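A structural walkthrough
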2 protein chains.
Amino acid sequence: MDDKLMLMIPGPTPVPEQVLLALAKHPIGHRSGDFGKLMAEVTANLKWLHQTQNDVLILAASGTGAMEAGIINFLSPGDLVLVGCNGKFGDRWAEVSQAYGLTVEKITAEWGQALDPEQFRERLEADSQKQIKAVIITHSETSTGVMNDLETINRYVKAHGEALIIVDTVTSLGAYNVPMDAWGLDVVASGSQKGYMLPPGLGFVAVGPKAWEAYATAKLPRFYLDLGKYRKDAAKNTTPFTPPVNMFFALQVALRMMQAEGLENIFARHQRLTTATRAAIKALGLPLFAPDAAASPAITAVAPDRVDAEQIRSVMKKRYDIALAGGQDHLKGKIFRIGHLGFVGDRDLLAALAALEATLQELGYEGFTPGSGVAAAAKIFANS
Amino acid sequence: MDDKLMLMIPGPTPVPEQVLLALAKHPIGHRSGDFGKLMAEVTANLKWLHQTQNDVLILAASGTGAMEAGIINFLSPGDLVLVGCNGKFGDRWAEVSQAYGLTVEKITAEWGQALDPEQFRERLEADSQKQIKAVIITHSETSTGVMNDLETINRYVKAHGEALIIVDTVTSLGAYNVPMDAWGLDVVASGSQKGYMLPPGLGFVAVGPKAWEAYATAKLPRFYLDLGKYRKDAAKNTTPFTPPVNMFFALQVALRMMQAEGLENIFARHQRLTTATRAAIKALGLPLFAPDAAASPAITAVAPDRVDAEQIRSVMKKRYDIALAGGQDHLKGKIFRIGHLGFVGDRDLLAALAALEATLQELGYEGFTPGSGVAAAAKIFANS
């Protein structure tokens, strides 16, 4: 049915009506006092969301642009960086680092498995010369639905003392607890079309004091992504380059909604949706791609073995108007991914699971008792 | 009055209602067939707008991000570039070039005056070793309302044979004739919040064959702004990084509106508004900042000598809900700027001029016959 699409992908995520309506307001001048007030409010609320007193800077860019800014502002050509690679996005941060002439050492895990924090500990402890300038980690690996153990890896980075920790929280921020100051994270990057409940178009980079120290001597070239310019102007509630004014209107509304719900409730909701999704998928006899211990709070990847992943996506889209994500790169056709990130409630998940059951029946898959997936999710909801 | 603001600044420019409503649509997945169709349509229409068969690439970035991409993709460290500097944006492109380690030679003119094409001719003719790799020009200098003679300067670049011409058309595209292919422009950059009639958030870079040749050996680092990635994906109607989906909805509507009006009509409207504005300002006895021969089709800067520019802006805003732009950098407080770019009609200009007259009366300025500004503009309208 036209205009009936329900997004259950990891981004763009569903956008609340009041956020969409804010987008449709007539723009104001970005050098006006009114924009300054808007900037002051969203900046304060972004700090709340990041649980930080540090700078949180707003870019007109995708999450990749934000993450690139988070890397290139704090390093110099030839610097050694340790990049965690267990999916498309970890690989991407290695590519960014290489494109800028950094020396990249990868710590890898199979796609679908979490990075092993012990490998980071060993490598960092062996670096007695303190050659490692940064450790770059994808917190929730969107391509596989795997959550990496940032808290533990970060502890090893802190023990090293020299390296910065630079984190892609694109699909964890606003879904899972990422207390920037309590953990002492140096650089935290994210994008609007995820937990923020906004369309794509804004990137965010939070920067701590140790990263600003590194900025002072960092030599990689940058201009549009020069975070020092954004910091200087943010102090005056303005931006160095024309900001996407309408996205700022929408950000203001979305952050107010998040504050009204409260961080603890947001995290609990995502945890509940994740647990319910996984219980349902197990009840349906479909293999989960990531282990329970490393389940992303934003996205659940499923690797069906007796039914075609792309056929499932096709029926879900055509008949039930539900968009699921496919696999990326070598996982194309091998997995499908259910997004439960941002403006997603229990009803949405039940609808998606019911439609998934109906789709499996239509495709002749016989490995499950009809109704068992929905029942398993409902049981989680009843107990939480 | 709340929500009554009328934008007569050089950007963001007024946005038509149907474009705003498109922004408020629920996003779709950017890896979907529906997005591919949208991308195909807007790409074709962008080529129409640029009067080109070349690639026109769409970035989630401001105009500065687009222009930076237009520079860094085609050059290598140390390359000599000739930058035309007669305002804030010309200076900015010199700064970008310096930030990336290019060797910058500036050709300057006073702010408020046009660049002298003969200086380009002389410097290019003297370069028998073909050391100059690019000439970087701001077509319409937004900070001063000056139009540079791109057509003539480009002819000298063509005679040189080696150098690329890289042009900031941020406030000329969609207002003035910039026939990319007919003139043989190599790189043309622009931003959404201008002639496009959109809010800020998208940058555009059109790239010709000679620039792509340079791309193949260009060595400046880039990833998010790597235009080769955008070109490769645009051929498949997709994007390398998550695109601002809702801005694409709006772009689709705005480009359809531009096509319905027609390029010739769009250019004629901007010419008419420019001529009428200048006739009115002269009738009011206020000094124009740029000479007639170098008048920007997007913006008219006024340098009042017997009345305070910031007071004019303040009364216009508070009493008449009209936003005018102030001066930038050393021109702050010395000029005000009237935007007549994008979704601006004859009625809007008459309203702004009538309010300007009323403001001058309120401020006790006696150098004009009340009504004479509006009358002068009306005379232009009557004869065109």
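Residues numbered from 1 in each chain as written. Chains lettered and ligands numbered in written order. Predicted model: local features only at pLDDT ≥ 70, side-chain atom pairs only at ≥ 80, totals over all residues.

By convention, interface size is frequently given as the accessible area that disappears when the constituent parts associate. At the interface, 44 residues of chain B touch 44 residues of chain A. Contributing elements (two or more residues each) for the side of chain B that touches chain A: α1 (17-23), α3 (63-72), α4 (88-99) and α10 (245-261) of chain B. Per-element accounting of the side of chain B that touches chain A gives the leading share, 4 residues, to α3(B). (Contact = placed C-beta atoms within 7 Å. Helix = DSSP H or I, 4+ residues; strand = E, 2+ residues; numbered from the N terminus.)

What follows deals with the domain arrangement of chain A. Residue and element names in this part refer to chain A. Taken as a whole, chain A is organised into domain 1 (6-12 + 263-382) and domain 2 (17-260). The C-alpha-based centres of domain 1 and domain 2 are spaced at 28 Å. Listed by partner, the interface residues are 23 residues for domain 1 and 25 residues for domain 2. Every element with two or more residues in the side of domain 1 that touches domain 2 is listed here: α11 (263-283) and β11 (299-302). Looking at the side of domain 1 that touches domain 2 residue by residue, the classes come out as 15 nonpolar, 6 polar and 2 charged. (Domains from an automatic or database assignment. Nonpolar A, V, L, I, M, F, W, Y, C, P; charged D, E, K, R; others polar.)

The two chain copies are connected by a rotation around an axis plus a translation along it. Each copy of the sequence occupies a distinct position, and chain B is placed on chain A by a rotation of 180° and an axial shift of 0.0 Å, giving an RMSD of 0.0 Å. Here the copies are linked by what is in effect a two-fold axis. The share of interface residues of chain B whose copies in chain A are also at the interface is 100%, consistent with both copies meeting through the same surface. (Least-squares fit on C-alpha atoms with pLDDT ≥ 70 in both.)

With that out of the way, let us pick up unusual backbone geometry. Residues and elements named next belong to chain A. In this chain, G11 is followed by P12 through a cis amide linkage whose omega measures -5°. Mapping P12 onto the fold places it in the loop between β1 (6-8) and α1 (17-23). In this structure, D3 is a non-glycine residue whose phi angle is positive, near 60°. For M197, which is not glycine, the phi torsion reads 65° and is therefore positive. Accessibility expressed as a C-beta count within 10 Å gives 25 for M197, which makes it buried. (Buried ≥ 20, exposed ≤ 12 C-beta atoms within 10 Å, placed from the backbone.)

The next point concerns the sheet that holds strand β10 (residues 203-207) of chain A. Residues and elements named next belong to chain A. Strand order across the open sheet formed by 7 strands is β2-β10-β9-β8-β5-β3-β4, with mixed pairing between neighbours. The outermost strands of the open sheet, each flanked by one partner alone, are β2 (55-59) and β4 (103-108). Averaged over all adjacent pairs, the angle separating strand axes in this sheet is 20°, with direction ignored. As judged from the 5 bridges shared by strand β9 (residues 187-191) and β10, these two strands associate in the antiparallel manner. Among the inter-strand pairings, S190 is bridged to a residue of β10, identified as F204. Along the sheet face, helix α2 (residues 33-50) touches β2, β9 and β10 and points at about 115° away from the line of β2. Helix α9 (residues 227-234) rests against β2 and β10 of the sheet, and its axis sits at about 110° to β2. (Pairing = 2+ DSSP bridges. Axes fitted to C-alpha atoms, helices over the stretch in contact; angles between N-to-C directions.)

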